[in-house]
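# Summary of the model geometry
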Amino acid sequence: MSKKVKVKAKKPGRSRSGTLMLLAIFLMGSAIVRLGMEAGPAIAREVANLQDGKHEANEGGGKLNVAGMPSSAELQEMLAAFQEREAALEIRESEIEDRMKALDIADQAIEKKLAALEQAEEALRSTLALADGATESDVDQLTTVYEQMKPKESAALFEEMDPNFAAGFLARMRPEAAAGIMAGLSPEAAYTISVVMAGRNGGVPKE
């Protein structure tokens, strides 16, 4: 028997699919390379733009901050105004202190004057009390003298006295001594002195 040799024939469909796969891979790689080459510069430009924008923003913000802050001349003017205000306040405070000192001195002077017036008033009261005591003592002494004189001599003195003054002495005397002096007076003098004495005793309550 003769052996039949079987030869496997290659299928044309399978080789085509492999070729297509290789082509697809090559195309994809080429596309990726092109994308990389084109995207690189674009990305670099975007990064550069972002950096430029940040730089401009920083510069703009700095300019705004600098513009918002007062200048050196303005700061000096403000400092000068504050110093002037502080000097005015110090002057005002010094004036108030001087006035307070002047008021304290005036109060002390017034207190001293009031104390001196009180002392003078007390001394005057004492002097008046002594004068009143001395006057009362003198009147009592004169009354005793007139009582001891002879009625005729006393009557001559009382005749020349002021009626009010004579009535005051007679009111202090003992009744018998006063009666003797009244008897020696002229009718006119005796009447006048009697009227004065009656008028002084008119307010005396009666039973």
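So, here is what we can say about the structure in this document. (Residues numbered from 1 in each chain as written. Predicted model: local features only at pLDDT ≥ 70, side-chain atom pairs only at ≥ 80, totals over all residues. Heavy atoms only, no water.)

### Notes on the overall build of the chain
What the chain contains, in helices and strands, is 6 helices and 0 strands. Counted from the first residue to the last, the chain has its helices and strands arranged as α-α-α-α-α-α. Counting all 207 residues of the chain, 10% fall into the buried class. Taking as baseline every contact in the chain between residues at least 6 positions apart, the subset at least 24 positions apart corresponds to 63%. (Helix = DSSP H or I, 4+ residues; strand = E, 2+ residues; numbered from the N terminus. Buried < 20%, exposed > 50% of the residue type's maximum accessible area, 1.4 Å probe, protein only. Contact = heavy atoms within 4.5 Å.)

### A word on the pattern of salt bridges
A full pass over the atoms with the stated rule returns 4 salt bridges. Notably, a salt bridge pairs Arg 92 with Glu 95, separated by 3.8 Å at the nearest N-O pair. You can see Arg 92 and its partner Glu 95 sitting in helix H2 (residues 72-148), 3 residues apart, about one turn around the helix. Put simply, Glu 147 and Arg 174 hold a salt bridge, and the shortest N to O gap is 3.0 Å. Pair noted here: Glu 147 is in helix H2 and Arg 174 is in the loop between helix H4 (163-172) and helix H5 (175-184), with a separation of 27 residues, a long-range link. A cluster of three or more residues bridged by salt bridges with shared partners is formed by Glu 147, Arg 174 and Glu 176. (Salt bridge = Lys/Arg side-chain N within 4 Å of Asp/Glu carboxyl O.)

### Notes on a nonpolar patch on the surface
On the surface, a nonpolar cluster with roughly 320 Å² of combined accessible area is contributed by Leu 75, Met 78 and Phe 82. With respect to the helices and strands, Leu 75 occurs in helix H2. (Patch = residues over 30% accessible without salt bridge, like charges linked within 9 Å, V, L, I, M, F, W, Y side chains within 5 Å. Areas by Shrake-Rupley, 256 points an atom, 1.4 Å probe, with all protein chains shown as cover.)

### Comments concerning the side chain of Ser 154
If you trace the backbone, Ser 154 turns up in helix H3 (residues 151-160). A relative accessible area of 0% places Ser 154 in the buried class. Each residue touching Ser 154, except ones within four places of it in the same chain, is listed here: Tyr 146, Met 149 and Ile 181.

### Let's talk about the packing of H3 against H5
Following both chains from N to C, one finds H3 and H5 inclined at 65 degrees, their axes separated by 8 Å at the closest point. The pairing of H3 with H5 is recorded here as roughly perpendicular in orientation. In terms of crossing hand, the pair formed by H3 and H5 is right-handed. Together, Pro 151, Ser 154, Ala 155 and Phe 158 of H3 and Gly 180, Ile 181 and Gly 184 of H5 make up the contact between the two elements. Looking at the contact of H3 with H5 residue by residue, the classes come out as 4 nonpolar, 3 polar and no charged. (Axes fitted to C-alpha atoms, helices over the stretch in contact; angles between N-to-C directions. Parallel < 35°, antiparallel > 145°, perpendicular 65-115°, else oblique. Left-handed = near helix turned anticlockwise from the far one by under 90°. Nonpolar A, V, L, I, M, F, W, Y, C, P; charged D, E, K, R; others polar.)

### Focus on the side chain of Thr 143
Summarising the element assignment, Thr 143 is placed in helix H2. Judged by relative accessible area, which is 4%, Thr 143 ranks as buried. Setting aside anything within four residues of it in sequence, one finds Thr 143 in contact with Phe 169, Arg 172 and Met 173.

### Considering the nonpolar core
Counting 16 residues, the largest nonpolar core has Phe 158, Leu 170, Met 173 and Leu 185 as the members making the most contacts within it. Mapped onto this core, the elements with two or more residues apiece are H3, H4, H5 and helix H6 (187-200). In contact with Leu 170, not counting residues within four places along its chain, are Phe 158, Ala 178, Ile 181, Met 182, Ile 193 and Met 197. (Core = buried A, V, L, I, M, F, W, Y, C linked by side-chain atoms within 4.5 Å.)

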